[in-house]
Amino acid sequence: MTTLSLDSSTIASVSKLPVYDATGKAFDFGSLYHGEKTIVVFIRWHFFCGQYVMELAKVPQEALRQAAIRLVVIGCGDWHPIQDYCDITGYKGDMFADPSRALYQCLGLTESLERTPAGQEKRSYLAGRSFLGNLVRSIWNNRVSDNRKDR
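Report follows, based on the coordinates.

What counts and what doesn't
Residues numbered from 1 in each chain as written. Predicted model: local features only at pLDDT ≥ 70, side-chain atom pairs only at ≥ 80, totals over all residues. Heavy atoms only, no water. Helix = DSSP H or I, 4+ residues; strand = E, 2+ residues; numbered from the N terminus. Buried < 20%, exposed > 50% of the residue type's maximum accessible area, 1.4 Å probe, protein only. Contact = heavy atoms within 4.5 Å. Areas by Shrake-Rupley, 256 points an atom, 1.4 Å probe, with all protein chains shown as cover. Pairing = 2+ DSSP bridges. Right-handed = clockwise from strand over helix to strand, strands pointing away. Salt bridge = Lys/Arg side-chain N within 4 Å of Asp/Glu carboxyl O. Phe/Tyr/Trp six-rings, centres within 6.5 Å; stacked < 30°, edge-to-face > 60°. Polar contact = N/O pair within 3.5 Å; in protein donor to acceptor, adjacent residues only side chain to side chain. Core = buried A, V, L, I, M, F, W, Y, C linked by side-chain atoms within 4.5 Å.

With respect to the overall build of the chain
Regarding its fold elements, the chain presents 6 helices and 5 strands. Listed N to C, the secondary structure of the chain is α-β-β-β-α-α-β-α-β-α-α in terms of helices and strands. Out of the 151 residues in the chain, the part that is buried amounts to 32%. Residue pairs at least 24 apart in sequence account for 68% of intrachain contacts in the chain once pairs closer than 6 positions are excluded. Summing over all exposed atoms, the chain offers an accessible surface of approximately 9,200 Å²; the carbon and sulfur share of this is 54%.

Given below as structure tokens:
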């Protein structure tokens, strides 16, 4: 997990970049966090993030409401699979897509298939599964989503 510290110039430029909801409606990134406490989680659509989003789905929505915190998930893929992705993972919160990856690039986020770095403990949402097992599960979930979209 990476925590970003951004200067005001970077925040101003990324706040204008578009993200898309599950219907394809565009929003300025800044509108997602303007005027309220917001936790923004950036994920990769495909590899391993299904398990991570399943963990986020366990966060009680009522607890977030009581704390006046909004949880937003942004993926670097197309917006079309958002609804199926939420259905598969059980995530009920706000989810958006950055298909151009402009937001990811401006923030210095990268997509990778890197395993847990040497010397670090495997993340809890990946525990009990091998690299290959996580890869197969993620590909399977993506295929299920693609098949639903084709209906």
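Quick look at the pairing of strand β5 (residues 94–97)
Here strand β4 (residues 69–75) pairs with β5 via 4 bridges, running parallel. Opposite V73, over in β5, you have M95 as the bridge partner. Handedness of the β-α-β unit built from β4, helix α4 (residues 82–89) and β5 comes out right-handed.

Details of unusual backbone geometry
Backbone geometry at A68 places phi at a positive 55°, although glycine is not the residue there. By the element assignment, A68 lies in the loop between α3 (61–66) and β4. Not every positive phi belongs to a glycine, and R101 is a case in point at roughly 65°. Positionally, R101 belongs in the loop between β5 and α5 (102–106). The exposure class of R101 is partly exposed, given its relative accessible area of 28%.

So, the environment of H34
Topologically, H34 is positioned in the loop between β2 (26–28) and β3 (37–43). A C-alpha to C-alpha distance of 9.3 Å links H34 and S15, two positions 19 residues apart in sequence.

Some remarks on the pattern of salt bridges
Taken as a whole and judged by the stated rule, the model has 4 salt bridges. A salt bridge links R70 to D94; its shortest N-O distance comes to 2.7 Å. Of this pair, R70 sits in strand β4 while D94 sits in strand β5; the two residues are 24 residues apart in sequence, bridging distant segments of the chain. Here D94 falls in the partly exposed class, since its relative accessible area comes to 30%. By sharing partners, the salt bridges in this structure join E36, R70 and D94 into a single network.

Focus on the packing of aromatic side chains
The full count for this structure, using the stated rule, is 4 aromatic pairs. Ring geometry for F27 versus F96: centroids 5.6 Å apart, planes at 75°, classification edge-to-face. Remark: F96 occurs in strand β5 and F27 occurs in strand β2; sequence separation between them is 69 residues. Judged by its relative accessible area of 24%, F27 falls in the partly exposed class. Aromatic side chains F29 and Y33 sit 5.2 Å apart centroid to centroid with 65° between the ring planes, which places their arrangement in the edge-to-face category. An aromatic cluster is defined as three or more aromatic residues linked by ring pairs; in this entry it consists of F29, Y33, F42 and Y104.

Considering the side chain of R70
Under the relative-accessibility criterion, R70 is labelled buried at 18%. One polar contact links R70 to D94, side chain to side chain, over a distance of 2.7 Å. The residues contacting R70, other than those within four sequence positions of it, are S31, L32, E36, K37, T38, I39, D94 and F96.

Some points on the nonpolar core
Counting residues in each nonpolar core, the largest one holds 13 residues, and the members touching the most others are V73, Y91 and M95. For this core, the secondary structure elements donating two or more residues are β3, α2 (49–56), β4, α4 and β5. No other element matches the 3 residues that α4 contributes to this core.

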